[in-house]
Amino acid sequence: MNTQENKPLTIVATIKAKPEHVEQVKLELLKLTEASQTDQGCIQYDLHQDNANSNGFIVYEIWEDNEQLQQHVESPHFQNYVTVTDGMIDEFVINEMTIIS
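Residues numbered from 1 in each chain as written. Predicted model: local features only at pLDDT ≥ 70, side-chain atom pairs only at ≥ 80, totals over all residues. Heavy atoms only, no water.

Glancing now at the sheet that holds strand β3 (residues 56-63). Hydrogen bonds along the backbone pair up the strands of a sheet, which may run parallel or antiparallel. Here we have four strands laid out as an open sheet, ordered β2-β3-β1-β4, and antiparallel in their pairing. Since the sheet does not close on itself, it has two edges, and those belong to β2 (42-49) and β4 (89-98), each with one partner. In this sheet, neighbouring strand axes are inclined to one another by 10° on average, regardless of whether the strands run parallel or antiparallel. Here helix α1 (residues 22-36) sits on the sheet and contacts β1 (9-17), β2, β3 and β4; the angle it forms with β2, its principal contact strand, is near 165°. (Pairing = 2+ DSSP bridges. Helix = DSSP H or I, 4+ residues; strand = E, 2+ residues; numbered from the N terminus. Axes fitted to C-alpha atoms, helices over the stretch in contact; angles between N-to-C directions. Contact = heavy atoms within 4.5 Å.)

Moving on to the side chain of N55. With respect to the element layout, N55 can be found in the loop between β2 and β3. Other than its neighbours up to four places away in sequence, N55 contacts I15, K16, A17, P19 and V22.

Turning to its location among the elements, L69 is positioned in helix α2 (residues 66-73). The spatial distance from the C-alpha of L69 to the C-alpha of C42 is 7.9 Å, given a sequence separation of 27 residues. With residues near it in sequence (within four places) discarded, L69 still touches L9, I11, E61, W63 and E96.

Moving on: the packing of α1 against helix α3 (residues 76-84). Two elements in contact, α1 and α3, have axes separated by 9 Å at closest approach and are oriented at 175°. Put simply, α1 runs roughly antiparallel to α3. Residue-level inspection shows Q24, V25, E28, L29, L32, A35 and S36 of α1 in contact with α3, the latter providing H77, F78, N80, Y81 and V84. By residue class, the composition of the contact of α1 with α3 is seven nonpolar, four polar and one charged. (Parallel < 35°, antiparallel > 145°, perpendicular 65-115°, else oblique. Nonpolar A, V, L, I, M, F, W, Y, C, P; charged D, E, K, R; others polar.)

Okay, structure coming up:
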């Protein structure tokens, strides 16, 4: 929950792909990132891959507010990512934060 309504919402999503699906998950994350960077309210949307463990990805996102984030989650490109990668992910953790300093 965004406790500071006038500040942007930061999301850090940690994704661990099943080893046999790393390349497909990476491809789908790249497509999702490109589409998401043009979403209304998106301030920043960056995809990172773990250098030591190639099945680990982090998506660092900054949204104007929670409403814009929810529109992103409901967008066709996000829903497509969820559908296409179903069964390919070992772990998906989302941390929602608000900058305090």
